[in-house]
Amino acid sequence: MLDDEIRQVHQRAWVIDAHNDAIVAHIRRGNLSFFGRPGLVGREGTVSFLRGPLDLAALAQPLQMTFPKMREGGIDAAFFAVDVTRAWKNHLAYALDAFGFFLADLETSPGEVRVVRMASDLPAAREAGELAALLVVENSDALEGSLNVLQAFHHLGIRSITLTHNPSSWAAAGNGESRCGGGLTQFGEALVREMNRLGMLVDVSHIAERGFYDTLEVSGRPVIASHSCCAALCEHPRNLTDCQLKALASHGGVVGITFVPSFVDLHAPSLERLLDHFDHAVRVAGIDHVGIGSDFDGGGTLLRDATEFPGLTEGLLRRGYGEADVRKILGGNLMRLLAAVL
């Protein structure tokens, strides 16, 4: 297929990235604007205080996710996550500070980016020439064990929560503590049900295996594993087994294949090996249940940055996927999932 044809397929598709950690990455570089401008003066807060700036080596690495890079890469929408795991005893303040920075940045260029509150906001944003941003909390400890905080988060515009990170949370055991055998706690069960009621997307990336199945049992709506790969190809605790992939699909969910090298291959990660994970997930879960979750600015370095998203389209087409199936993987499946939940 010619380059122009590949570009046209990419442009016709909905392209959605189900996970990045760019908000905190921008803050730790001096409150850099997502619009490519200098930092927002006087916006230092909880994240800056608790985490400090990145070290010199990290600062030398360019940001992977900015709004100009999204546009260049043809990305229509992205899930902007704030991981609160490192904010010990300050989880809620950390989350609010990070989202406050992001929302303040959006106000500097009104009409450029739309915060998604319901599924219909996505086509409305595209029609208006706007990018779409979904606000996501990574690690439900940001709620401090309170469903009232969840209600407030929903009013703020947050539409997805990852139940755990690698350690255990109020809600469940994380994948880093899977040996304890912990599943959803009572709070975790209540949280999943309340997220269902509010129309928020439950994220099972990072959760231990028992909690994964508990979540599928409790949730009345499909869930997402926003940034995970396939354990059959790379035996990493963050990856999903074939049984998990099948169960996720049977409940209508989607797995976002991620660009983290150690999740793709422990010895020789590459773009081709990443495409192997897409192939495997499609074979096991089905074409309707696979998407993309880059983990840009959080470890997803197999692609340089958001401008390289068209390379995935090229790779999938080269592997024999038809345009309709490529469009499902690029974002169509996530559009269906969001329509079912939000």
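Placed above this text is the structure.
Residues numbered from 1 in each chain as written. Predicted model: local features only at pLDDT ≥ 70, side-chain atom pairs only at ≥ 80, totals over all residues. Heavy atoms only, no water.

Comments concerning the overall build of the protein chain
And step 1. Assigned secondary structure in the protein chain consists of 15 helices and nine strands.
And step 2. Relative to the compact-globule value of 20 Å for 342 residues, the protein chain shows a C-alpha radius of gyration of 18 Å, a close match.
And step 3. Expressed as lengths along the three principal axes of its C-alpha atoms, the size of the protein chain is roughly 50 × 45 × 40 Å.
And step 4. Contacts in the protein chain between residues far apart in sequence, at least 24 positions, make up 72% of those at least 6 positions apart. (Helix = DSSP H or I, 4+ residues; strand = E, 2+ residues; numbered from the N terminus. Rg over C-alpha atoms; globule rule 2.2 N^0.38 Å. Contact = heavy atoms within 4.5 Å.)

Section: the pairing of strand β7 (residues 224-228)
And step 1. By the criterion of burial, β7 is predominantly enclosed, with five of the five residues buried.
And step 2. Where β7 lies against strand β8 (residues 254-257), three bridges are found, and the strand directions are parallel. Pairing of A225 across the sheet is with V255, part of β8.
And step 3. One crossover worth recording links β7 to the parallel β8 by way of helix α11 (residues 242-250), and it is right-handed. (Buried < 20%, exposed > 50% of the residue type's maximum accessible area, 1.4 Å probe, protein only. Pairing = 2+ DSSP bridges. Right-handed = clockwise from strand over helix to strand, strands pointing away.)

Examining the pattern of salt bridges
And step 1. Under the counting rule described, the total for this entry stands at 19 salt bridges.
And step 2. A salt bridge links D214 to R210; the nearest nitrogen and oxygen atoms lie 4.0 Å apart. Taken as a pair, D214 and R210 lie in helix α10 (residues 209-218) at a separation of four residues, close to a single helical turn.
And step 3. We note a salt bridge from D305 to R304, for which the minimum N-O separation is 3.5 Å.
And step 4. Classification of D305 by relative accessible area gives buried; the value is 7%.
And step 5. Taken together, the shared-partner salt bridges connect D265, E272, R273, D276, D279, R318 and R319 into one network. (Salt bridge = Lys/Arg side-chain N within 4 Å of Asp/Glu carboxyl O.)

Digging into the packing of aromatic side chains
And step 1. Tallied over the full model, the rule gives 12 aromatic pairs.
And step 2. Members of the aromatic cluster, each reached through a chain of ring pairs, are F34, F35, F67, F80 and F102.
And step 3. A cation over an aromatic ring shows up here: R126 above the ring of W14, its NZ or CZ 4.6 Å from the ring centre. (Phe/Tyr/Trp six-rings, centres within 6.5 Å; stacked < 30°, edge-to-face > 60°. Lys NZ or Arg CZ within 6 Å of the ring centre and 35° of its normal.)

Observations regarding the environment of D55
And step 1. Among the structural elements, D55 can be located in the loop between α3 (46-51) and α4 (56-59).
And step 2. Exposure remark for D55: the relative accessible area of 51% places this residue in the exposed category.
And step 3. Expressed as a C-alpha distance, the spacing of D55 and F187, which sit 132 residues apart in the sequence, is 37 Å.
And step 4. At 2.8 Å, the side chain of D55 forms a polar contact with the backbone nitrogen of A58. (Polar contact = N/O pair within 3.5 Å; in protein donor to acceptor, adjacent residues only side chain to side chain.)

Considerations on the nonpolar core
And step 1. If you look at the biggest cluster of nonpolar residues, it comprises 94 residues, and the most contacted ones within it are I23, F67, F80 and F278.
And step 2. Take this core: its biggest share by element is eight residues, from helix α6 (residues 91-107).
And step 3. Ignoring anything within four residues of it in the chain, the contact list for F80 reads N20, I23, F34, M65, F67, M70, F99, F102, A133, L134, L135 and V136.
And step 4. Formed by 20 residues, the second largest nonpolar core is a distinct cluster that contains F79, A125, L201 and L338. (Core = buried A, V, L, I, M, F, W, Y, C linked by side-chain atoms within 4.5 Å.)

Structural notes on the side chain of R28
And step 1. As for its position among the elements, R28 is in the loop between α2 (22-27) and α3.
And step 2. For the buried R28, no salt bridge is present, and the opposite-charge side chain at shortest range is D55, 7.4 Å distant.
And step 3. Residue contacts for R28: discarding those within four places in its chain leaves R51, G52, P53, L54 and L59. (Lys, Arg positive; Asp, Glu negative; His and termini not counted.)

Quick look at the pairing of strand β1 (residues 16-20)
And step 1. The buried count for β1 comes to five of five residues, which makes it a mostly enclosed element.
And step 2. In the sheet, β1 pairs with strand β2 (residues 77-83) via three bridges, with the strands oriented parallel. Bridging across to β2, N20 finds its partner in F80.

Examining helix α15 (residues 323-341)
And step 1. Its 19 residues give α15 an end-to-end C-alpha distance of 26 Å, which sits within 8% of 27 Å, the value for a rise of 1.5 Å per residue.
And step 2. At I329, α15 shows its largest bend, some 65°.
And step 3. By the burial criterion, the buried members of α15 are V326, I329, L330, G331, N333, L334, M335, L337, L338 and V341. (Expected span 1.5 Å × (residues − 1). Bend = angle between axes of the 7 residues up to and from the residue.)

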